[in-house]
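Overview (structure and organization)
This is what each chain is made of:
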Amino acid sequence: MFRITPLATAVALSGLAGLASAENLTPNLKFNGFATVTAAVVDDPQGGAYLNDLFGYGGIGKDPELGLESLIGLQFDYRINDKTNVVAQLVAEGRNYYDVRAEWAYIAHELNDNVRVRAGRFALPTFTWSDTIKVGQSYPWVRLPVEAYFGVPVTNFDGVDLLYRRPVGDWNFNAQALLGGSSTDRFRTRNAHGLNASLSNDSFTVRAGIIVSELTLPVETCGPFTPCPFLDVAEERTVFSNIGTVYDDGNWFFAAELAQLEINGWLNDWNAGYVSAGRYFGQWLPYVLASKINTYNGDECRAVPFGICDITTQYNEQTTYAVGVRYAINSNVSLKGQIDHVHDFNNTQGFLDGGPTPPDSFNVFTVSLTAAF
C-alpha cells in the first residue's frame, strides 16, 4: 500500500524527503527527481480558458491541454562537510514553455542538532504542500486545490530563514522564521518576514503560518504614455496567513486548509479553503474535494475606473466540487483522474479568463501521471 507521506517531513527540509531514495552520484552528491504529465479539458469553456497562466502558457479549453500542468524537475544536494550543504532544484514547466528555471538555490548550515540556517532561494512557505508544490506524487489530487493555491502565483522566496526542529514525545515540532522577498515580471515583495510552525507524528500533521510583506506592482497605463495613478500599488502592506492539517494512516486520508490574503490599497482581499477526504482500497485512493475562494473589502477596488476590479481575475470567486481517484502503480509512480464541477462565481469570472461574467457552471476533466525518483 502506498500512503501519502505526512508533510512535516518536508517542512524546512528537502521537498522530496520520504518520497524516493536519493541517488548518490559521489559520496557527497545526491539527487532526486520528479515529473508530472497532465491532460485536461473543459466541457464548456464559453469562449474563455480555465486557469489561464499570467506568466506564460494559455489555459485549459475545449481541446485537450497537454502542456499547461506538465513539468519535470531535478534536485541536487551537495554536502560540503558535516554541517554545510548546497541545494539546487531545477524545474522545467509546460506553463513556461519548458524553460529551465531555478526553483531552489540555497546554502544550508547546521548550527546544532536542532537549528539550521539557509540563505538563497527556497520554497515560499505559504501552504501545507509548499515544499512539494511541484511534486505531484506528494498529494492525491491531479492538482492542488486551485482556489487556494492559484491565488499565490509565486512559489519561491529569496532571503534567509532559520529552521528549528525538536522531538516532543512521539511528535515532531518544526518551526521556520524567514526574511527576504519574491519577484516576478508582474510584481515584487520586499521586507517580507514570517513564521510558520507544525506539529506531526506518523499519521497526523497540523501547521500554521503568517507572512507580512510590502507589495509593489509595475506602473500601469490607461493608454500610450498615459499614467494611471489610481492603479498605483507601491510597497503596500500585505499579510498572508494559513492553517492546515493532514491525516493519513494508510486507511483514511483527510486534508483541509484555510488561507487569507489582505492587501492595503485598491486590490481585493480574499480568503480561500478546501476540505478533502478519501479511503484507501489497496493501491486505490478514491477521494472527494470541495474548495472555495471569495473576496472581501472590495469597496476601493470597485471605485477604480474602467471596471478594473471586474477583470482582476486573480481575486475572483468560485467554488469547486471534485471527485477523483489515485492508483499507486508503485511507491514512486501514480496515475490519477479527477472531475471538477466549477460554479458559484458571484458575478465574477472566476478563473475562466475571457469568458462571460459570470460564466455558467462547467466541468474540468483531468488525467495525470506523476513520478518521483
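Look up a bit, the structure's there.
Residues numbered from 1 in each chain as written. Predicted model: local features only at pLDDT ≥ 70, side-chain atom pairs only at ≥ 80, totals over all residues. Heavy atoms only, no water.

1. A short note on the overall build of the chain
Going by this rule: The helix and strand labels rest on DSSP assignments: H or I over at least four residues marks a helix, E over at least two residues marks a strand, and numbering proceeds from the N terminus. Think of it in three bands: with a 1.4 Å probe and only protein chains considered, a residue is buried below 20% of the maximum accessible area for its type, exposed above 50%, and partly exposed in between. When checking whether two residues touch, look at their non-hydrogen atoms; a contact exists if any pair is within 4.5 Å. The Shrake-Rupley method, run with a 1.4 Å probe sphere, supplies the accessible areas, and residue values consider only the shown protein chains as cover.
Within the chain, the regular secondary structure consists of 2 helices and 21 strands. In the chain, which comprises 373 residues, the proportion classed as buried is 51%. In the chain, once contacts between residues fewer than 6 apart in sequence are set aside, the share between residues at least 24 apart is 60%. If you sum the accessible surface of the chain, you get close to 16400 Å²; carbon and sulfur atoms cover 58% of it.

2. Digging into the side chain of Thr295
Inclusion rule: Polar contact is defined as a pair of N or O atoms within 3.5 Å, subject to the rule that within protein one atom must be able to donate a hydrogen and the other to accept it, and that residues adjacent in sequence are counted only when both atoms are side-chain atoms.
One can find Thr295 in strand β17 (residues 284-296). Look at Thr295 and you get buried, because its relative accessible area is 19%. Among the polar contacts made by the side chain of Thr295, one reaches the side chain of Glu317 at a distance of 2.9 Å.

3. A closer look at the packing of aromatic side chains
The geometry of an aromatic ring pair comes down to the distance between the two centres and the angle between the two planes. Test applied: Only the six-membered ring of Trp is used, alongside the rings of Phe and Tyr, when aromatic pairs are assigned; centres must lie within 6.5 Å, and planes under 30 degrees apart are stacked while those over 60 apart are edge-to-face, with the rest tilted. The criterion for a charge sitting over a ring is simple: Lys NZ or Arg CZ within 6 Å of the ring centre, and within 35 degrees of the ring normal.
Applying the stated criterion to the full structure yields 17 aromatic pairs. With a centroid separation of 6.0 Å and 15 degrees between ring planes, the pair formed by Phe345 and Phe362 is classed as stacked. Of this pair, Phe345 sits in the loop between β19 (333-343) and β20 (352-353) while Phe362 sits in strand β21 (residues 362-372), placing them 17 residues apart in sequence. Judged on exposure class, the residue Phe345 and its partner Phe362 are both buried. An aromatic cluster is present here, built from Trp129, Tyr139, Trp141, Phe253 and Tyr274 joined pairwise through their rings. Seen from the ring of Tyr106, Arg118 lies directly overhead, with NZ or CZ sitting 4.8 Å from the centre. Above the face of the Phe281 ring, Arg279 is positioned so that its terminal group lies 5.5 Å from the ring centre.

4. Here we look at the pattern of salt bridges
Just so we agree on the cut-off: We define a salt bridge as a contact between a side-chain nitrogen of Lys or Arg and a carboxyl oxygen of Asp or Glu at a distance within 4 Å.
Taken as a whole and assessed by the stated rule, the structure comprises 7 salt bridges. Residue Glu93 pairs with Arg95 through a salt bridge whose shortest N-O separation is 3.6 Å. Classification of Glu93 by relative accessible area gives buried; the value is 10%. Overlapping salt bridges bring together Glu69, Arg143 and Asp340 as one network.

5. Section: a nonpolar patch on the surface
Inclusion rule: Within the patch definition used here, like charges are joined within 9 Å and nonpolar side chains (Val, Leu, Ile, Met, Phe, Trp, Tyr) within 5 Å, considering only residues with over 30% relative accessible area and no salt bridge.
Side chains of Val37, Ile329, Leu335, Val367 and Leu369 sit close together on the surface and give an oily, nonpolar patch of about 410 Å² of accessible area. Classification of Ile329 by relative accessible area gives partly exposed; the value is 41%.

6. Thoughts on unusual backbone geometry
The residue after Thr357, namely Pro358, is reached through a cis peptide bond having omega -5 degrees. Among the secondary structure elements, Pro358 is positioned in the loop between β20 and β21. Here the phi dihedral of Tyr97 falls at roughly 55 degrees; this positive angle occurs in a residue that is not glycine. Using a relative accessible area of 53% as the deciding quantity, one classes Tyr97 as exposed. Non-glycine residue Asn346 carries a positive phi angle of around 50 degrees. Residue placement: Asn346 occurs in the loop between β19 and β20.

7. Regarding the pairing of strand β5 (residues 84-93)
To be explicit about the condition: For two strands to count as paired, DSSP must find a minimum of two bridges between them.
For β5, the buried fraction is high: 7 of the 10 residues fall into the buried class. In the sheet, strand β4 (residues 71-79) pairs with β5 via 9 bridges, with the strands oriented antiparallel. Across the sheet, the residue bridging to Gly73 is Val91, located in β5. Between the antiparallel neighbours β4 and β5 lie 4 residues. Strand direction decides the pairing type here: β5 and strand β6 (residues 100-110), joined by 9 bridges, are antiparallel. For Val87, the partnering residue across the bridge sits in β6 and is Tyr106. Connecting the antiparallel pair β5 and β6 is a turn made up of 6 residues, with Tyr97 showing a positive phi of about 55 degrees.

8. A look at the nonpolar core
The criterion, for reference: Here, nonpolar core refers to any group of buried Ala, Val, Leu, Ile, Met, Phe, Trp, Tyr and Cys residues whose side-chain atoms link them within 4.5 Å.
Tyr50, Trp129, Trp141, Tyr149, Phe253, Trp270 and Phe362 are the most contacted members of the largest nonpolar core, which has 58 residues in total. Here this core takes 5 residues from strand β15 (residues 252-263), the largest share from any one element. By size, the runner-up hydrophobic cluster in this structure holds 5 residues, among which are Phe34, Leu71, Val91 and Ala372.

9. A few points about the side chain of Asp340
Along the chain, Asp340 falls in strand β19. Under the relative-accessibility criterion, Asp340 is labelled buried at 5%. Looking at Asp340, its side chain comes within polar contact range of the side chain of Arg143, at 3.3 Å. A polar contact is formed between the side chain of Asp340 and the side chain of Gln338, at a distance of 2.7 Å.

10. A look at the environment of Val246
Structurally, the position occupied by Val246 is in strand β14 (residues 236-248). Using a relative accessible area of 4% as the deciding quantity, one classes Val246 as buried. Once the C-alpha coordinates of Val246 and Val206 are considered, the two residues, 40 residues apart in sequence, prove to be 6.6 Å apart. Residues within four places of Val246 in sequence aside, it is in contact with Thr128, Trp129, Ser203, Phe204, Thr205, Phe253, Phe254 and Ala255.

None of this, on its own, says anything about what the molecule does.
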